[in-house]
Amino acid sequence: MHLSKILHLSFWAVLLIHSKIYAQQFEDIKRYKVNYSLATQSSEKLIATRSFVNNNVKYLLLVNPETLDTKVDLASNYSISSLQWPNVFVIFKNTAYVKSLTEAAAKAVQLQDAGIDHAIPKEAGITLTIDLCPSHKPLDRIIFQSVFDEFKKIEQPAPLAISVSGKWMLKHQDDLNWLKSLVDKKELDITWVNHSYNHEVNNLPLAENFLLAPGTNLDTEVLENEKLMLKNGLTPSVFFRFPGLVSDKSVVQKIETYGLIPIGSDAWLAKGQQPNEGSIVLIHGNGNEEVGVKDFIELLKSKQGDVKNKQWLLFDLRKGLEKSFE
Ligand SMILES: [Zn+2]
């Protein structure tokens, strides 16, 4: 074979390999909409929650209601029948998805820490969630490095969830790329949770703060953040974490009509809340919560022996909820 042809072929091979390794980045999203439909592909039945067009090609954001997994795929790969949101509850009432939404709504009355705050009953271990609220400080990389170091022989990739705000992503491209590189190297398995675009915080009481602040536009907070996640090659999960963990009944209901499950925490380490088995642990990784990070590193150290014996594990948020509704 002619040398130039060999070079040409290997060029395409490299391109193919790259497109497989790296999640697609959607640079030119248009007509991004909340759009429910039943999307069927052979025997697989998924719920499409968003539709959009990128470079003139139509895509769907899809949820598997049994496993709570999400993916973005070409709309043309599915046969589609449109759904009204209330019908999702009826058709999928026996799935982990609708059961999680129902449980989160039932816990919506409190002003702080509504939503699901505990997963995986009766299992030794925790689900780790790390919030990236807007910050001028760099990412606390030590959290992720410590998780990898402790779990590399036990659980690889180690599962954790990161709640990401738009304003954090805009200012921390290097840190975001570093996190994505850990996923590419199969060191971590990250569930990307929507943490709102602006993550407003003011000096008013909680009832008028964060997403409850007057003038909040939920379409901006939810959908613009998802578009930015997709632009950065992150697949939005079915989960939403309220900024400050602050919400009321009405905003919980509204967030659920976007198809999102609010996730609280029963162990916000910096507030002195102790994790127990199955806890959803919260720490901030944005450089603003030294105490929480220190507590978490100590927690990992104290569990070192149990981790080695697989008596204390990290649980994937999706699998934890799937299991707790079996
Ligand atoms: Zn936050």
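Residues numbered from 1 in each chain as written. Predicted model: local features only at pLDDT ≥ 70, side-chain atom pairs only at ≥ 80, totals over all residues.

Undergrad: Looking at this structure, I do not really get the overall build of the protein. What am I missing?
TA: If you tally the helices and strands in the protein, you get eleven helices and 13 strands. Taking 20 Å as the expected radius of gyration for a compact globule of 326 residues, we find that the protein reaches 20 Å, a close match to that expectation. Seen along its three principal axes, the alpha-carbon backbone of the protein occupies a region of about 65 × 45 × 40 Å. Counting the 326 residues in the protein, one finds 42% classified as buried. Put simply, of all contacts in the protein between residues at least 6 apart along the chain, 71% involve residues at least 24 apart. (Helix = DSSP H or I, 4+ residues; strand = E, 2+ residues; numbered from the N terminus. Rg over C-alpha atoms; globule rule 2.2 N^0.38 Å. Buried ≥ 20, exposed ≤ 12 C-beta atoms within 10 Å, placed from the backbone. Contact = placed C-beta atoms within 7 Å.)

Undergrad: What am I meant to see in the packing of helix α3 (residues 96-106) against helix α8 (residues 249-257) here?
TA: Helix packing for two helices is described by the angle between their axes and how far apart those axes are. Running from amino to carboxyl end, α3 crosses α8 at an angle of 165°, the nearest separation of the two axes being 10 Å. By the angle between their axes, α3 is roughly antiparallel relative to α8. Handedness of the α3/α8 crossing: right-handed. Where α3 approaches α8, its residues L101, A104 and A105 are matched on the opposing element by V252, Q253 and E256. (Axes fitted to C-alpha atoms, helices over the stretch in contact; angles between N-to-C directions. Parallel < 35°, antiparallel > 145°, perpendicular 65-115°, else oblique. Left-handed = near helix turned anticlockwise from the far one by under 90°.)

Undergrad: Where do I start with the pairing of strand β6 (residues 125-132) in this structure?
TA: Regular strands place their side chains on alternate faces of the sheet. Most of β6 sits inside the fold, with eight of its eight residues counted as buried. Of the two faces of β6, the one lined by G125, T127, T129 and D131 and the one lined by I126, L128, I130 and L132 are each fully buried. As paired elements, β6 and strand β13 (residues 313-314) share two bridges and run parallel to each other. Among the inter-strand pairings, I126 is bridged to a residue of β13, identified as L314. Traced from β6 through helix α4 (residues 141-151) to strand β7 (residues 158-164), the parallel crossover comes out right-handed. (Pairing = 2+ DSSP bridges. Right-handed = clockwise from strand over helix to strand, strands pointing away.)

Undergrad: So what exactly am I meant to see when it comes to the environment of L314 here?
TA: On the secondary structure map, L314 appears in strand β13. The spatial distance from the C-alpha of L314 to the C-alpha of V252 is 27 Å, given a sequence separation of 62 residues. Every residue in contact with L314, bar those within four places of it in the chain, is listed here: G125, I126, L128, F151, E155, A158, P159 and L160.

Undergrad: Sorry if this is basic, but what is going on with the nonpolar core here?
TA: A general feature of soluble globular proteins is that nonpolar side chains tend to end up buried together. Among the nonpolar cores identified, the biggest contains 74 residues, and L160, I162, F239 and I261 are the most heavily contacted of them. Counting contributing residues per domain, this core is built from domain 1 (25-91) and domain 2 (96-324), each supplying no fewer than three. With residues near it in sequence (within four places) discarded, L160 still touches L128, I130, V147, L188, I190 and L314. Ranked by size, the runner-up nonpolar core spans six residues in total, among them F210, F242, L245 and V246. (Core = buried A, V, L, I, M, F, W, Y, C linked by C-beta atoms within 7 Å. Domains from an automatic or database assignment.)

Undergrad: Where do I start with the packing of α4 against helix α9 (residues 290-302) in this structure?
TA: α9 packs onto α4 with a crossing angle of 5° between their chain directions and a minimal axis gap of 10 Å. Regarding the angle of α4 to α9, the classification is roughly parallel. Counted together, I142, I143, S146 and E150 of α4 and V293, F296, I297 and L300 of α9 form the full contact between these two elements.

Undergrad: Help me out: how do you make sense of the sheet that holds strand β3 (residues 57-63) in this one?
TA: Strand pairing in a sheet is mediated by backbone hydrogen bonds. Such pairs are either parallel or antiparallel. Strand order across the open sheet formed by five strands is β4-β3-β2-β1-β5, with antiparallel pairing between neighbours. Of all the strands in the sheet, just β4 (70-74) and β5 (79-82) have a single pairing partner and so form its edges. Strand-to-strand twist of the sheet, defined as the mean angle between neighbouring strand axes without regard to direction, takes the value 40°. Sheet analysis places β3 next to β4, joined by five bridges and oriented antiparallel. Within β4, the residue paired with V63 across the bridge is T70.

Undergrad: Can you help me understand the domain arrangement of the protein in this one?
TA: It is common to give the size of an interface as the accessible area that goes away when the parts come together. The assigned domain composition of the protein is domain 1 (25-91) and domain 2 (96-324). The C-alpha-based centres of domain 1 and domain 2 are spaced at 24 Å. Contact residues are listed per partner, giving 19 residues for domain 1 and 19 residues for domain 2. Elements with a minimum of two residues in the side of domain 1 that touches domain 2: β1 (29-41), β3, β4 and α2 (85-91). Of the residues in the side of domain 1 that touches domain 2, the class split is eleven nonpolar, four polar and four charged. (Nonpolar A, V, L, I, M, F, W, Y, C, P; charged D, E, K, R; others polar.)

Undergrad: Even after reading the chapter, I still don't get the confidence of the model for the protein, so can you show me in this structure?
TA: Do not read the fine detail of predicted coordinates wherever pLDDT is low. In the predicted model, the protein carries a mean pLDDT of 91, and 92% of its residues have values of at least 70. Between residues 16-21, whose pLDDT stays under 50, and residues either more than four places distant or in other chains, the model counts one contact. (pLDDT = per-residue confidence, 0-100.)

Undergrad: How should the pairing of strand β8 (residues 188-194) be read in this particular structure?
TA: Within β8, six of the seven residues are buried, leaving the element largely enclosed by the surrounding structure. Note that β7 and β8 share seven bridges and pair parallel. In the strand pairing of β8, L160 is matched with I190. Judged from the two bridges that link them, β8 and strand β9 (residues 236-240) form a sheet pairing that is parallel.

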